[in-house]
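The residues making up each chain are set out below.
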Amino acid sequence: MEKRDELYAGKAKSVYRTDDPDRLILHFRDDTSAFDGKKKEALARKGMVNNKFNAFIMGKLQAAGIPTHFDGLLSDTECVVKKLDMIPVECVVRNLAAGGLVRRLGVEEGMTLTPPTFELFLKNDEKGDPMINESLAETFGWATPEQLARMKELTFKVNEVLKQLFLDGGMLLVDYKLEFGVFKGEIVLGDEFSPDGCRLWDEMTREKLDKDRFRQGLGGVIEAYEEVGRRIGIAFD
Ligand code: ADP
Ligand code: CDP
């Protein structure tokens, strides 16, 4: 696999073309951002930790029958993925109330959500990733009703697999964001699953072990990511 020119530099990853038109290389950088890019910092080892974390999770999801873009690790900070036509809609599932839901509705942080909620956001930093719904997505052509139905089905399937995986490591999967794209007509899970895009709390103490440590300036961000990884069986070195 030959690495070609950079296609896109995002806030945390850079995307490269390859000699295969259907494959991309994702380079996980140490750059960390929050609040739609307003808070930024480079955290040593983050690229490596998230690359290996994501590879492990994508493998588990693939094994559970969820189609993902992940092909394999290329280096400590790079992986090869299928090139998707990304759908600019973020799918969020919440098992416990936190973050934006608490701010928006004033419900108590940590309350159990039964059944878990499903929300859609438009992927658009300039507009602050506004909340949308199926009707808006269809009208403005961001996704078809059929695509949205499949994305919702897969997002909940991911919940079943990952809730248990993290629980086995003594953690609660509070919420998470997924991005999907289209590959040869099929809806496929893209982007990444790492503590950058989900909330994970220690089951007993409810200590935050995810990007909220960065958002809230709690420190020990990468140490927490590595602790999560170790608890579910990832070896980082
Ligand atoms: P952002 O764009 O939000 O700053 P990143 O820094 O993570 O995010 O950049 C990675 C970009 O690559 C994202 O825009 C994401 O939608 C896109 N992407 C992820 N996986 C794929 C894929 N398989 N094919 C095409 N684009 C992808
Ligand atoms: O993170 P914030 O409180 O602003 O938003 P949220 O709606 O509570 O986020 C729900 C979940 O999706 C959290 O785990 C976020 O980390 C994740 N998310 C993300 O990874 N990227 C976004 N652009 C928005 C949310």
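Residues numbered from 1 in each chain as written. Chains lettered and ligands numbered in written order. Predicted model: local features only at pLDDT ≥ 70, side-chain atom pairs only at ≥ 80, totals over all residues. Heavy atoms only, no water.

(A) Inspection of the side chain of E78 at higher detail. By the secondary structure assignment, E78 is in strand β7 (residues 78-82). Taking the relative accessible area as the measure of exposure, E78 reaches 13% and is therefore buried. At 2.5 Å, the side chain of E78 forms a polar contact with the side chain of K3. Those residues in contact with E78 that lie beyond four places of it in its chain are K3, I25, L26, H27, N51 and L73. (Helix = DSSP H or I, 4+ residues; strand = E, 2+ residues; numbered from the N terminus. Buried < 20%, exposed > 50% of the residue type's maximum accessible area, 1.4 Å probe, protein only. Polar contact = N/O pair within 3.5 Å; in protein donor to acceptor, adjacent residues only side chain to side chain. Contact = heavy atoms within 4.5 Å.)

(B) Local environment of the pairing of β7. Extensive coverage of β7 is indicated by the burial of five of its five residues. Of the two faces of β7, both are covered, the one formed by E78, V80 and K82 as well as the one formed by C79 and V81. Of the pairings in the sheet, the one linking strand β6 (residues 70-75) to β7 comprises four bridges and is antiparallel in character. From the neighbouring strand, F70 faces β7, where its bridge partner is V81. (Pairing = 2+ DSSP bridges.)

(C) Representation of unusual backbone geometry in the model. The step from T114 to P115 runs through a cis peptide bond, and the omega angle for that step is -5 degrees. Located in the positive-phi region is F35, a residue other than glycine, with phi close to 55 degrees. Tracing the backbone shows F35 in the loop between β4 (31-34) and β5 (39-42). Residue classification places F35 among the partly exposed positions, given a relative accessible area of 45%. Even without being a glycine, D129 presents a positive backbone phi close to 45 degrees.

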